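Spelled out, the chains give:
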Amino acid sequence: MTDLRHHLRGLWLPLVTPFRDGRLDETSLKRLTRHYTAEAVDGFILGATSGEGMTLRPSELERLVATVRDEMAASRRSVPILLGLSGADTSAMKERLDESADWAIDGYLIASPYYVRPSQRGLVAHFETLADHAAWPLALYNIPYRTAVNMTNQTLLRLAEHHNIVGLKDCCASREQTIALLRDRPKGFRVLTGEDANYHEALSDGADGGILLSAHIETVTFAAVQSELRHGNADAALARWQEVAELTRLLFTEPSPAPAKYWLWRTGLIDSPEVRLPMVEIGSELAATLDREIQQRMKVAA
């Protein structure tokens, strides 16, 4: 496994979980793994929101990790893996950490407890308990519009001092809060945006990278945005961003990851656009729009 604190930067992909007839589609999963490890991707998130992790049984989640790791071992390149976990019961979350302690992962991406709306003191206690218990490092996931509670910067800065908490997927939806966190964070604490539409903005503000569903499409271009900024080429970075900015809207027109799965199916990377309830496949109108966009991008590429 890797030193996660060093590797938690750049472009990370929250990999979709392919299904076929209600089951994990390991053939498509292997194809995805081969494809994206050959691209400019710096790490995978498995079983998080984009991977429909809350619909996966523990045995499926374990198989998901093993299949991706085995496929990488057989390829020319390996990237770090974070396992996405979420839950509102600290004790149950500790059990999930125990169950996955010997899996071939490099760390966890753990969202705030959802629905129960704990206080900031409760959030600190929750994450410190998990970080003390976990066999692998933790990256926090602050996404208040899903969990109904925002981790304040005071809370995040305290948690950032924990030796086993190495970074943050930032979806706080407040640029002001993010800029302040980037300014005040301790050395080595990584902040990656999880807001696809704000990727260029976040990188310009000093974020260390992005965890982007949209990067399943035009992966090279998303990676180039950060590369150009890193080399001081602001105009080139903006030009590359403008090539994909519309994708970050289009792929969230209906609940994610259904639009991305449709795109990956239509382009042959997965064998079915299937999602699990309560998610449903996209409607005919969006499907027609995506088909036109796919055809247009194929013409440009040709």
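Everything numeric here is computed off the predicted structure, so don't read it as measured data.

Conventions we followed
Residues numbered from 1 in each chain as written. Predicted model: local features only at pLDDT ≥ 70, side-chain atom pairs only at ≥ 80, totals over all residues. Heavy atoms only, no water. Helix = DSSP H or I, 4+ residues; strand = E, 2+ residues; numbered from the N terminus. Rg over C-alpha atoms; globule rule 2.2 N^0.38 Å. Buried < 20%, exposed > 50% of the residue type's maximum accessible area, 1.4 Å probe, protein only. Contact = heavy atoms within 4.5 Å. Areas by Shrake-Rupley, 256 points an atom, 1.4 Å probe, with all protein chains shown as cover. Lys, Arg positive; Asp, Glu negative; His and termini not counted. Charge placed at Lys NZ, Arg CZ, Asp CG, Glu CD. Salt bridge = Lys/Arg side-chain N within 4 Å of Asp/Glu carboxyl O. Patch = residues over 30% accessible without salt bridge, like charges linked within 9 Å, V, L, I, M, F, W, Y side chains within 5 Å. Axes fitted to C-alpha atoms, helices over the stretch in contact; angles between N-to-C directions. Parallel < 35°, antiparallel > 145°, perpendicular 65-115°, else oblique. Left-handed = near helix turned anticlockwise from the far one by under 90°. Nonpolar A, V, L, I, M, F, W, Y, C, P; charged D, E, K, R; others polar. Polar contact = N/O pair within 3.5 Å; in protein donor to acceptor, adjacent residues only side chain to side chain. Pairing = 2+ DSSP bridges.

1. Points about the overall build of the protein
Within the protein, the secondary structure is distributed over 14 helices and ten strands. Scaling as 2.2 N^0.38, a compact globule of 302 residues should have a C-alpha radius of gyration of about 19 Å, and the protein matches this with 18 Å. Counting over 302 residues, the protein shows a buried share of 54%. The contacts of the protein with a sequence gap of at least 6 include a subset with a gap of at least 24, amounting to 71%. When the accessible surface of the protein is totalled, it reaches about 13,500 Å², and 48% of it is carbon and sulfur. Measuring between centres, the 33 positive side-chain charges of the protein sit 1 Å from its 40 negative side-chain charges.

2. Some details on the pattern of salt bridges
Taken as a whole and judged by the stated rule, the model has 17 salt bridges. A salt bridge links Asp-271 to Arg-31, with the shortest nitrogen-to-oxygen separation between them at 3.2 Å. With Asp-271 in the loop between helix 13 (258–266) and helix 14 (284–301) and Arg-31 in helix 2 (residues 26–37), the pair connects residues that are 240 residues apart, well separated along the chain. Salt-bridge contacts for Glu-71 lead to Arg-34; the nearest nitrogen and oxygen are separated by 3.1 Å. Of this pair, Glu-71 sits in helix 3 (residues 58–73) while Arg-34 is found in helix 2, placing the two residues 37 residues apart along the sequence. Salt bridges here are not isolated pairs; linked through shared partners, they connect Arg-57, Glu-60 and Arg-276.

3. What to know about a nonpolar patch on the surface
Nonpolar side chains collect at one region of the surface, where Met-54, Tyr-114, Tyr-115 and Val-116 lie side by side and expose about 500 Å² of accessible area between them. Topologically, Tyr-114 is positioned in the loop between strand 6 (107–111) and helix 5 (120–133).

4. Concerning the packing of helix 2 against helix 3
For the pair helix 2 and helix 3, the least separation of the axes is 9 Å and the interaxial angle reads 45°. On the basis of their axis angle, the class for helix 2 and helix 3 is oblique. When you trace helix 2 past helix 3, the crossing you get is right-handed. On helix 3, the residues that touch Glu-26, Leu-29, Lys-30, Thr-33, Arg-34 and Thr-37 of helix 2 are Arg-63, Leu-64, Thr-67, Val-68, Glu-71 and Met-72. Taken together, the residues of the contact of helix 2 with helix 3 break down into four nonpolar, three polar and five charged.

5. Comments concerning the environment of Glu-128
Along the chain, Glu-128 turns up in helix 5. Given the relative accessible area of 22%, Glu-128 is considered partly exposed. For the pair Glu-128 and Ile-165, spaced 37 residues apart in the sequence, the C-alpha separation amounts to 8.6 Å. What Glu-128 contacts, discounting residues up to four positions off in sequence, is Arg-158, Leu-159 and His-162. At 3.3 Å, the side chain of Glu-128 forms a polar contact with the side chain of Arg-158.

6. Observations regarding the sheet that holds strand 5 (residues 81–85)
As summarised here, the arrangement of the eight strands in space is 1-4-5-6-7-8-9-10, forming a closed barrel in which the pairing is parallel. Across this sheet, the average inter-strand angle for adjacent strands is 25°, counted without regard to direction. The pairing of strand 9 (residues 190–193) with strand 10 (residues 209–211) spans two bridges and is classified as parallel. Paired with Leu-192 across the strands is Gly-209, a residue of strand 10. Contacting strand 4 (43–46) and strand 5, helix 3 runs over the sheet at an angle of about 170° to strand 5.

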